[in-house]
Amino acid sequence: MNLSEAEKRMIYQVEGTSQGAALNEIYMTWRYAPNRETKDTAESLLKKLRPLSDKECMDVIREVQQN
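As a starting point, this report considers the structure included with it. Residue numbers restart at each chain and count upward from 1, following the sequence in its written direction. Only residues with pLDDT of 70 or above have their local features reported here, since the model is predicted, and side-chain atom pairs are shown and tallied only from 80 upward, although totals for entire chains, interfaces and linings are computed over all residues. Working from all heavy atoms in the structure, the side-chain values ignore hydrogens and water.

1. Some details on the overall build of the protein
Here comes step 1: When its secondary structure is counted, the protein shows four helices and zero strands.
Here comes step 2: Based on C-alpha atoms, the radius of gyration is set beside the globule rule, defined as 2.2 Å times the residue count to the power 0.38. Relative to the 2.2 N^0.38 estimate, which gives 11 Å for 67 residues, the radius of gyration of the protein is 11 Å and therefore close to what a compact globule would have.
Here comes step 3: Dimensions along the principal axes, computed over C-alpha positions, put the protein at roughly 30 × 20 × 20 Å.
Here comes step 4: Throughout, a contact is declared for two residues whenever any of their heavy atoms are within 4.5 Å. Excluding contacts between residues fewer than 6 apart, the proportion of contacts in the protein whose partners are at least 24 apart in sequence is 62%.
Here comes step 5: For the protein, the accessible area works out to roughly 4500 Å², and carbon and sulfur atoms hold 47% of it.
Here comes step 6: One way to put it: in the protein the 10 positive side-chain charges average out to a point 4 Å from where the 11 negative ones average out. Only DSSP runs of H or I covering at least 4 residues are called helices, and only runs of E covering at least 2 are called strands; the numbering of each starts at the N terminus. Residue-level accessible areas treat just the shown protein chains as cover; the underlying method is Shrake-Rupley with a 1.4 Å probe. This count recognises Lys and Arg as positive and Asp and Glu as negative, with His and chain-terminal groups excluded. Here the site of a charge means atom NZ of a Lys, CZ of an Arg, CG of an Asp or CD of a Glu.

Spelled out as structure tokens, the structure:
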């Protein structure tokens, strides 16, 4: 998956242990973001992660967090 540096930074901070928890966390970031750039990053990330299965989504998150 092709992620921007801003998306990788956002994923790195995700603490959820399932796709639903991770997406909810990113959604809350989008909802309460103080600036447009953060909102755009969260929205783009949600669009990329939603179609994935739970395992695929968590694999992407774990890979980013490990590297």
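2. A look at the pattern of salt bridges
Here comes step 1: Whenever Lys or Arg places a side-chain nitrogen within 4 Å of a carboxyl oxygen from Asp or Glu, that contact is recorded as a salt bridge. In total, this model carries six salt bridges according to the counting rule given.
Here comes step 2: In this structure, Glu5 engages Lys8 in a salt bridge whose closest nitrogen and oxygen atoms are separated by 3.8 Å. Taken together, the residues span about one helical turn, with Glu5 and Lys8 both in helix α1 (residues 5-12) at a distance of three residues.
Here comes step 3: Here Glu5 falls in the exposed class, since its relative accessible area comes to 52%.
Here comes step 4: For Lys8, a relative accessible area of 33% corresponds to the partly exposed category.
Here comes step 5: The residue Glu7 makes a salt bridge to Lys48 at a minimum N-O spacing of 2.9 Å. For each residue, the accessible area found with a 1.4 Å probe, counting protein chains only, is set against the maximum for its type, and the residue is called buried under 20%, exposed over 50%, and partly exposed in between.

3. Some thoughts on the side chain of Thr41
Here comes step 1: Position of Thr41 relative to the elements: it lies in helix α3 (residues 36-49).
Here comes step 2: By relative accessible area, which is 11% here, Thr41 ends up buried.
Here comes step 3: A distance of 3.0 Å separates a polar side-chain atom of Thr41 from the backbone oxygen of Glu37. As used in this structure description, the phrase polar contact means that two N or O atoms lie within 3.5 Å; if the pair is within protein, one of them must be able to donate a hydrogen and the other to accept it, and residues adjacent in sequence are counted only when both atoms belong to side chains.

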